[in-house]
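# Reading the structure
The chain contents come next:
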Amino acid sequence: MELGNQTMITEFILIGFSNNLPICIFLFILFSLIYILTILGNGFLVCTVIVSPQLHTPMYYFLCNLSFIDLCYSSCNVPKLLIDVLSKKKRISVTMCITQMNISLILGGIECILLAVMAYDRYIAICSPLHYTVIMSWRVCRYITVSMWVGSIVFTSFPTIFQPLVFCAENKLNHFFCEILVLLEVACGDLSFYKLSIVFVGFFTLLSPPVFIIGSYICIIISMLKIRFSQSRAKAFSTCASHLTVVFLFFGTGMIMYMGQTKSFSPYQKYIALVYIVVTPMLNPFIYSLRNNDVKEAFRK
């Protein structure tokens, strides 16, 4: 890598959304409320599942994992966003920026795989209820969890370990957090390896899981149409509808972000990123818990 006599960058300036004080105050209040709801909603769901024996099933085990990941995912990015919204100098060191990027990628990858696993869990529960306890045993659940974490850490961290990013040009990032796409815009040297890695990881996290989920739900819908009792059919459809809502929000915005524009990062994409960084982690616990009688009954007890 030929860097010449260029000055190496040690920190970045995050442009964020606006420097207008009234707008900044409004955004601070809005993001603060969303973050509080995210912490309370996901924390409530995690605690309820842990302390309620009737929720100690694979379905709620994976739901608890989803809430924990959303807590970490939101806490990795939103607190810094809140600080920067009211700050004149929105600075972050290169080390912290790379760390934030890697943690976000790891947690995002885990959530993509987890949503596919939850679709498979619902498929087994609805289409093969008699074999459910055998197929989705606790041993299998723990194995899936470990595989998700290890796989996501290895795949997402490998590029930065194999070929660390070097920055020696512009130090302003037109974003509110350190995302891989915007960092590649200001990185030096040959970035073909990183772009190839994004395509490779994107295939396994943004394309494969939705295809698997769609296939699972086609089988689920066919199975639901065979259910004679309308009440049982409505309950099964309600559970699936909640999951699909999360899937469309998370994967839809992720695909637009990482596959809608491959040549360069566009400023409008940071507004799309708000959906899966800020909004979706807040909505997940409410989509699942408010429409789930088992969770509400466990909370009352």
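Values in this document were obtained by computation on a predicted structure and should not be read as measured data. (Residues numbered from 1 in each chain as written. Predicted model: local features only at pLDDT ≥ 70, side-chain atom pairs only at ≥ 80, totals over all residues. Heavy atoms only, no water.)

Below, the discussion takes up the overall build of the protein chain. Regarding its fold elements, the protein chain presents ten helices and three strands. Burial analysis of the protein chain (301 residues in total) assigns 49% to the buried set. Of the contacts formed within the protein chain by residues at least 6 apart in sequence, a portion of 80% connects residues at least 24 apart. Accessible surface for the protein chain amounts to roughly 15,500 Å². Of this, 70% is attributable to carbon and sulfur atoms. (Helix = DSSP H or I, 4+ residues; strand = E, 2+ residues; numbered from the N terminus. Buried < 20%, exposed > 50% of the residue type's maximum accessible area, 1.4 Å probe, protein only. Contact = heavy atoms within 4.5 Å. Areas by Shrake-Rupley, 256 points an atom, 1.4 Å probe, with all protein chains shown as cover.)

With that out of the way, let us pick up a nonpolar patch on the surface. There is a patch of nonpolar side chains on the surface, built from Phe155, Phe200, Phe203, Phe204, Leu207 and Met259 and spanning about 560 Å² of accessible area. Broken down by element, the nonpolar patch gets its largest block of residues, four residues, from helix α7 (residues 192-225). (Patch = residues over 30% accessible without salt bridge, like charges linked within 9 Å, V, L, I, M, F, W, Y side chains within 5 Å. Salt bridge = Lys/Arg side-chain N within 4 Å of Asp/Glu carboxyl O.)

Bringing the pattern of salt bridges into the picture now. Throughout the structure, instances matching the rule amount to three salt bridges. Of the charged contacts, one joins Arg91 and Glu11 as a salt bridge, the two residues approaching to 2.7 Å between their closest N and O atoms. Residue Arg91 is located in strand β2 (residues 91-93), and its partner Glu11 is located in strand β1 (residues 11-14); the two are separated by 80 residues in the primary sequence. Glu11 gets classed as partly exposed once you look at its relative accessible area, which sits at 29%. Arg122 is paired through a salt bridge with Asp121; the nearest N and O atoms lie 2.8 Å apart. Looking at Asp121, the relative accessible area reads 2%, which means it is buried.

Here we come to the UniProt feature "transmembrane region" (unreviewed entry) in the protein chain. In this structure's numbering, the residues bearing the UniProt feature "transmembrane region" (unreviewed entry) are residues 12-40, 103-126, 146-169, 200-225, 237-259 and 271-290. Along residues 12-40 one finds 69% helix and 10% strand; the C-alpha atoms at either end are 32 Å apart. Structurally, residues 103-126 comprises 100% helix and 0% strand, and the distance from its first C-alpha atom to its last is 34 Å. (UniProt positions renumbered as here; feature names shortened; annotations may be inferred.)

Taken N-terminus to C-terminus, the directions of helix α5 (residues 138-162) and α7 make an angle of 175 degrees; their axes are 10 Å apart at the nearest point. As the angle between them shows, α5 and α7 are arranged roughly antiparallel. Here α5 contributes Phe155, Thr156, Phe158, Pro159, Thr160 and Phe162 to the contact with α7, which in turn contributes Phe193, Tyr194, Ser197, Phe200 and Val201. Taken together, the residues that form the contact of α5 with α7 break down as eight nonpolar, three polar and no charged. (Axes fitted to C-alpha atoms, helices over the stretch in contact; angles between N-to-C directions. Parallel < 35°, antiparallel > 145°, perpendicular 65-115°, else oblique. Nonpolar A, V, L, I, M, F, W, Y, C, P; charged D, E, K, R; others polar.)

Locating Ile50 in the fold gives a position in helix α1 (residues 21-51). A relative accessible area of 53% places Ile50 in the exposed class. Along the primary structure Ile50 and Cys64 are separated by 14 residues, whereas in three dimensions their C-alpha atoms are 8.1 Å apart. If we ignore the near neighbours within four places in the chain, the residues touching Ile50 are His56 and Cys64.

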